[in-house]
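# Coordinates in review
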Amino acid sequence: MGQLDNKVALITGASRGIGAALAVGLAKHGADIAICDLARQAEALADVKRQVEAEGRRCFAHHVDVSNIAEVESAVADITAETGGIDILVNNAGILKPSLLEELPEADWDAHFNVNAKGVYLMTNAVLPQMRARKNGRIINIASIAGRQGVATQGHYAATKATAITLTRVYAQEVGMDGITVNAICPGIILTEMGKNNLGSDEAIRHWQDVAALKRLGYPDDIVGPAVFFASDLSAFVTGQALNVCGGIYFH
Ligand SMILES: NC(=O)c1ccc[n+]([C@@H]2O[C@H](COP(=O)([O-])OP(=O)(O)OC[C@H]3O[C@@H](n4cnc5c(N)ncnc54)[C@H](O)[C@@H]3O)[C@@H](O)[C@H]2O)c1
């Protein structure tokens, strides 16, 4: 028996990094999986689908830009029809292009808010009606410790992640009466494309490894356990919370 047997989880930004690890990880715990990512990620998305199916679970892949309401609503309708219903939503899709705020082009400000903040709101609103009807649901937002601390060269990104944490708290209060929990995971530095690009050098990696209480940086699989906790009945009485998963580099 897995913690997520008979559940269906929809994961955005699932062609690589944390999203791909969550797709395979939640499948290992028994869930059928719907994976979404941009059309340009088609090949990588197909590879993740094969990995999920190798775990013996069903997997449905869709090309969705989470900042586009028409694509979001049509994908959620299609996934609902093919799976029978979405029990778990993981809002994982995100972008980070570092810049000092004074040098940040307006278009980059808009792009970060469109994907990292509006994407959470669009996806969540699209799945909520069916979760409310079933009086059950689990929503997990992948935020960041940057959203709590604020980080130089990531001001725009950190602001979107602070928004994701605030949306987590507000949705939790607005949907809890229908048996739906909403929680956030705030990863620290995870060694994905995004994490490595952001650190920039081996020296920076060594520096942050030394800062971390656990003396290492994170891997995508480090996010799976906390996600299973929030996705399952293990966390039935937990909502509106944001959990740092950072190996001890940030403590608030
Ligand atoms: N890696 C880290 O150190 C770290 C730390 C804190 C938080 N996070 C967050 O974790 C999540 C996953 O990050 P990652 O490190 O795996 O990054 P990543 O860049 O490896 O993966 C992000 C995925 O999101 C997809 N994506 C981007 N824009 C999209 C859109 N508009 N619609 C649909 N999909 C889109 C990308 O194609 C990609 O597959 C992000 O929300 C990120 O902000 C990452």
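See the structure printed just above.
The following paragraphs examine the structure supplied in this document. Everything numeric here is computed off the predicted structure, so don't read it as measured data. In every chain, residue numbers begin from 1 and rise along the written sequence. Per-residue local features of the predicted model are confined to residues with pLDDT of at least 70, and side-chain atom pairs are confined, for both listing and counting, to 80 or more; whole-chain, interface and lining totals are unaffected and use all residues. Each side-chain value is derived from all of the structure's non-hydrogen atoms; neither hydrogens nor water enter the calculation.

### Focus: the overall build of the protein chain
- Looking only at helices and strands, the protein chain features 9 helices and 7 strands.
- At 17 Å, the protein chain has a C-alpha radius of gyration in line with the 18 Å of a compact globule built from 252 residues.
- Its C-alpha atoms give the protein chain principal-axis dimensions of roughly 45 × 40 × 35 Å.
- Accessible area is worked out with a 1.4 Å probe on protein chains only. A residue is then buried under 20% of its type maximum, exposed over 50%, and partly exposed in between. Within the span of the protein chain, comprising 252 residues, buried residues form 52% of the whole.
- In what follows, a contact means two residues having at least one pair of non-hydrogen atoms within 4.5 Å. A separation threshold of at least 6 residues defines the contact pool for the protein chain, and within that pool the share at least 24 residues apart is 74%.
- With the model as given, the accessible surface of the protein chain reaches about 11600 Å², and the carbon-plus-sulfur share is 52%.
- By the counting scheme adopted, Arg and Lys are positive, Glu and Asp are negative, and His together with the chain ends is not counted. For charged residues, the charge sits on one atom: NZ in Lys, CZ in Arg, CG in Asp, CD in Glu. The protein chain carries 21 positive and 27 negative side-chain charges, and their two centres are separated by 5 Å. Numbering goes from the N terminus for both helices and strands, where a helix is a DSSP run of H or I of at least four residues and a strand is a run of E of at least two. It is over C-alpha atoms that the radius of gyration is taken, and the globule rule equals 2.2 Å times the number of residues to the power 0.38. Here the accessible surface of atoms and residues is derived via Shrake-Rupley with a 1.4 Å probe, and residues count as covered only by protein chains that are part of the display.

### Side note on the side chain of Thr181
- As for its placement among the helices and strands, Thr181 is situated in strand E6 (residues 180–187).
- Residue class for Thr181 comes out buried when judged on its relative accessible area of 6%.
- Excluding residues that lie within four positions of it along the chain, Thr181 makes contacts with Gly137, Arg138, Ile139, Phe230, Ala236, Val238 and Thr239.

### Here we look at the packing of helix H1 (residues 17–28) against helix H9 (residues 224–231)
- Angular values range over 0 to 180 degrees, each being the angle between N-to-C directions of two axes fitted as lines to C-alpha atoms, with helices fitted over their stretch in contact. Where H1 meets H9, the axes come as close as 10 Å, and the angle between the chain directions of the two elements is 60°. Here H1 lies oblique to H9, going by the angle between them. Once H1 is placed against H9, the crossing between them reads as right-handed. Contacts from Ala21, Leu22, Gly25 and Leu26 of H1 reach H9 at Val224, Ala227 and Val228.
- In the contact of H1 with H9, the residues fall into 6 nonpolar, 1 polar and no charged. Our angle categories are set so that under 35 degrees counts as roughly parallel, over 145 as roughly antiparallel, 65 to 115 as roughly perpendicular, and the remainder as oblique. It is the rotation of the near helix from the far one that decides the hand of a crossing: anticlockwise by less than a right angle makes it left-handed, clockwise makes it right-handed. Following the grouping adopted for this structure description, the nonpolar residues are Ala, Val, Leu, Ile, Met, Phe, Trp, Tyr, Cys and Pro, the charged ones are Asp, Glu, Lys and Arg, and the polar ones are all others, Gly among them.

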